[in-house]
Amino acid sequence: MRKKYILLDLDGTITDSGEGITKSVQYALEKMGIEENDMAVLKKYIGPPLNESFTRFHGMDDEDSLKAVAYYRERYAVKGIYENRLFDGITDFLSGLKKEGYVVALATCKPEIYVPTILKHFDIEQYFDVAVGSELEGGKRRHKDDVIEEVLNQIMKMDISESDIVSVKADSIMIGDRKDDVLGAKEAGIESVGLRYGFAEKDELENAGADYILEKVEDILPFLNQM
C-alpha cells in the first residue's frame, strides 16, 4: 500500500556531506592529540551521534568525547557545513514527492540548530513539511528512533485526518543510507528503505534488516509510487 508520510535522512541521503564531516572529525581528533588519516575510519562518523562515535572508534571516555564534539563544532559550524553538495537528482526527487502529494519530513541526527541553514543553503526548505534533528547535549532527542518519534508526533498534530499514532506509523516509511536509519525505523515501528549510494558499508543495510534496498536516487520515487 502506498505510503503517505516520507521520512528522509540528510547526510548520505540528500547531501553528500562527507568532506565537511570527515575534515571536522579530523580537526577534533587533532585537537585531542590524535592523528587519523584513514578515510574508511573517518566515514564511520557520518550518521551516528558524534560523541558515541568518538568513544567507539577512538576509545574516548565520556568526558573526552564531549570535548571532541565541541572541537568538531568549532570547525563544522563555520566551514564544514558548507563542504557539502546535493546528490545528483535530489531536487527533482523532492519536487516529485510534493507533486505526488506526499507529506515529506526530514529526520536527521544532525543537531537541529544546523538544519535550517543547510536546507536554506541548498534552497530545498520548501519541500519539507516537517524537519527534525537531534538535540544538543542534555536533550532527550539524540538517536534516530527519538528523531523519528518526534517527526511522527509532529505529523499527528499537523494532519488532523489521522486518528491515532498507529495509523500514522502504518502510513510512514523511513529512507536513509545507514544502519541507524534502519534500526531507528524498526525501533519506532515503521518500515525502512536503505540506500546504497550513501555511506553504508558492505552488507550494512542487509545486516540491519532494511525492509527494502534501492541503488540510486532515481529509483526512490517510482518505488514509492508503486508500493
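Check the entry above for the structure.
Let me begin by describing the structure that accompanies this report. (Residues numbered from 1 in each chain as written. Predicted model: local features only at pLDDT ≥ 70, side-chain atom pairs only at ≥ 80, totals over all residues. Heavy atoms only, no water.)

Another point: the nonpolar core. Core analysis: the largest hydrophobic core is formed by 49 residues, its most contacted members being Leu8, Phe54, Leu97, Phe128 and Leu224. Take this core: its biggest share by element is five residues, from helix α11 (residues 217-226). With residues up to four places along the chain from it excluded, the contact list for Leu224 reads Arg2, Ile6, Leu97, Tyr102, Ile173 and Ile175. Membership of the second largest hydrophobic core comes to 18 residues, among which are Val103, Ala107, Ile155 and Met174. (Core = buried A, V, L, I, M, F, W, Y, C linked by side-chain atoms within 4.5 Å. Buried < 20%, exposed > 50% of the residue type's maximum accessible area, 1.4 Å probe, protein only. Helix = DSSP H or I, 4+ residues; strand = E, 2+ residues; numbered from the N terminus. Contact = heavy atoms within 4.5 Å.)

What follows covers the pattern of salt bridges. If you walk through the whole model with that rule in mind, you get 21 salt bridges. Here Lys67 makes a salt bridge to Glu63, at a shortest N to O gap of 4.0 Å. Residue Lys67 and its partner Glu63 are both found in helix α4 (residues 62-76); the two are separated by four residues, about one turn of the helix. With a relative accessible area of 40%, Lys67 lands in the partly exposed category. (Salt bridge = Lys/Arg side-chain N within 4 Å of Asp/Glu carboxyl O.)

Turning our attention to the environment of Asn84. For Asn84, the location among the structural elements is in the loop between α4 and β3 (85-86). According to the relative accessible area criterion, Asn84 is buried, its value standing at 13%. Setting aside residues no more than four positions away along its own chain, Asn84 makes contact with Thr15, Asp16, Ser17, Ile118 and Phe122. At 3.4 Å, the side chain of Asn84 forms a polar contact with the backbone nitrogen of Ser17. (Polar contact = N/O pair within 3.5 Å; in protein donor to acceptor, adjacent residues only side chain to side chain.)

Working definition: the strands of a sheet are paired by backbone hydrogen bonds and lie parallel or antiparallel to each other. One open sheet holds the six strands; their spatial order is β5-β4-β1-β6-β7-β8, and the pairing between them is parallel. Two strands bound the open sheet, and with one partner strand each, they are β5 (130-134) and β8 (212-214). Averaged over all neighbouring strand pairs, the angle between strand axes comes to 20°, with direction disregarded. Direction of pairing for strand β1 (residues 5-8) relative to strand β4 (residues 103-111): parallel, over a ladder of four bridges. Across the sheet, Ile6 pairs through a bridge with Val104, a residue of β4. Across the sheet, helix α5 (residues 90-99) lies against β1 and β4, angled at about 160° from β1, the strand it touches most. (Pairing = 2+ DSSP bridges. Axes fitted to C-alpha atoms, helices over the stretch in contact; angles between N-to-C directions.)

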